[in-house]
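Reading the structure
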Amino acid sequence: MAIPIEMPKLSDTMEEGVLSAWLVDEGEEVSAGDVLAQVETDKATMDLEAFDEGVLLKQVIGEGDAVPIGELIAVIGEAGEDISDLVDDAGGDGAAEPEADPDAEADPDADAEDASAEPEVEPEPAPEPSGDGQLSERTPEPVPAGTDAEGRRIKASPLARRIAQEHDVELAQVDGSGPEGRIVRRDVETHVEKQEAAPESTPEPEPTTEPEPAPQPEPSVPEAPSYAMPDEEAAYESEGITQMRETIARRLAESKYSAPHYYLTVDIDVERAIEVREDLNELAEEQGRAKISFNDFITKACALSLHDHPYVNAAYRPDEGEIHKHNRVHIGIAVAIDEGLITPVIRDADRKGLSELARETRALAERARDRDLEPEEFEGATFTTSNLGMFGIEEFTAIINPPNSAILAIGEIRDTPVVEDGEVVPGKRMKVTLSCDHRVVDGAKGAHFLDTVKSYLEEPMNLLL
């Protein structure tokens, strides 16, 4: 019996998915666990696996098509099986059987002739996919995310596969640096750079025969400068809206205009925290552990502060008529990628030491940039931080990441004169701004939370206890 493959829900905010690449052609046999295609969601590009074995009878949608969750995208079954009813019900373009005669219903007298002609028309090998022309006519190039010499599937992130395909790179030639030898974006980019540099370093062989005389250049006439105005179409470049960008626009617009935002800013003395971080990183280097960033200090300070301020670690649920005060602390770290913004989540951040936070944050950020996160790694944040300090931004406000009730915007660490004991001395300061949902976090609650964060960062040894 034919098995429909529908667009799955691959993230909590996903409403539709884009089929970015088919990895199995129509007519090919598949087993449970085989990757059929890559699907681009609003958060990442993910593998679509088969849960049953059989033959891929039909690719109902083409590469680049966007379909809602639950819509038919493929059919698996036995070779030659009639799936016309299944595909027609889903609004498809026909069955997977190419031997069907469209004139049979129009001419009933031709039934006898068709019956006698069937043995001659029916091919011995598996039927060619009928499709709609988009998929069956594409160039039969090998999929870059192919197999190794022993026929095993090469482990590579979806983004790495896409870059490899764009540059005609066989993944079998690329050395992976990810977990268990997984190939990630930087591996393919390094390989491409080496390929591009190779011809430059290889001198061309000297000619073995007498060279032909070089043609004499024709007298050149200087061209008059062109003052023609560019066409109206050249005044801008069009760029399609990606699934991620569309979701970001929708969710943040809903947040901004449904949640009453207000903002609280404090200026924090971080000179002591910088000294402690330098000491910790010297020790980390000696022990071969991950170095700690200042952002790790902030993550830890927020995680501990949320324990004492449950309304900041809460969610407003108007459909349920409730406010959910979370018992666990899961902090989302905003990471900028080419397609937009994604927030990998540090779970139970209050229970982890600075070294563990540093290691996990870097690993998640790297996988986020490679579009290689699993859904559970970017869902379920109870509080979010966004840091633009590394870009020289002194102060800014961030839009709350729903359904959170607050987000912390982190500015740069700056050198500034400060007054201590009546004297002006050099100091190091950092501004942070808390955006609050006034439906959950009253002004005093937000101010007390920021004061707790500030105390942890100005007395950083408390983060180590």
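Everything that follows concerns the structure shown earlier in this document.
Summary of the structure given here. (Residues numbered from 1 in each chain as written. Predicted model: local features only at pLDDT ≥ 70, side-chain atom pairs only at ≥ 80, totals over all residues. Heavy atoms only, no water.)

Pairing within the open sheet is antiparallel, and its four strands lie in the order S5-S4-S2-S7. Across the chains shown, the open sheet's two edge strands, defined by having one partner strand only, are strand S5 (45-49) and strand S7 (66-68). On average, adjacent strands in this sheet sit at an angle of 40° to one another, irrespective of strand direction. When strand S4 (residues 35-40) meets S5, the two strands line up antiparallel, connected through five bridges. Opposite Ala37, over in S5, you have Leu48 as the bridge partner. (Pairing = 2+ DSSP bridges. Helix = DSSP H or I, 4+ residues; strand = E, 2+ residues; numbered from the N terminus. Axes fitted to C-alpha atoms, helices over the stretch in contact; angles between N-to-C directions.)

Compared with the 21 Å implied by 1.5 Å per residue over 15 residues, the 22 Å span of helix H7 (residues 294-308) between its first and last C-alpha is a close match. Of all 15 residues in H7, 13 are buried, a share of seventy percent or more. (Expected span 1.5 Å × (residues − 1). Buried < 20%, exposed > 50% of the residue type's maximum accessible area, 1.4 Å probe, protein only.)

Of note, Arg277 is situated in helix H6 (residues 271-287). In this structure the C-alpha to C-alpha distance between Arg277 and Pro460, which are 183 residues apart in sequence, comes to 8.9 Å.

A full pass over the atoms with the stated rule returns 16 salt bridges. Between Arg367 and Glu377 there is a salt bridge whose closest N-O contact spans 2.7 Å. A residue pair is termed long-range when its members are at least 10 positions apart, and Arg367 in helix H8 (residues 354-369) and Glu377 in the loop between H8 and strand S16 (383-387) qualify at ten residues. For Arg414, the salt bridge goes to Glu394, with nearest N and O atoms at 3.8 Å. Highlighted residues: Arg414 in strand S17 (residues 406-420) and Glu394 in the loop between S16 and S17, separated in sequence by 20 residues. Assessed through its relative accessible area of 35%, Glu394 is described here as partly exposed. Salt bridges here are not isolated pairs; linked through shared partners, they connect Asp267, Glu394, Glu395, Arg414 and Lys431. (Salt bridge = Lys/Arg side-chain N within 4 Å of Asp/Glu carboxyl O.)

All right, on to the pairing of S16 then. For S16, a buried count of four out of five residues is recorded, marking the element as mostly surrounded by other parts of the structure. Note: strand S12 (residues 331-333) against S16, three bridges, orientation parallel. Within S16, the position partnered with Gly332 by the bridge is Thr384.

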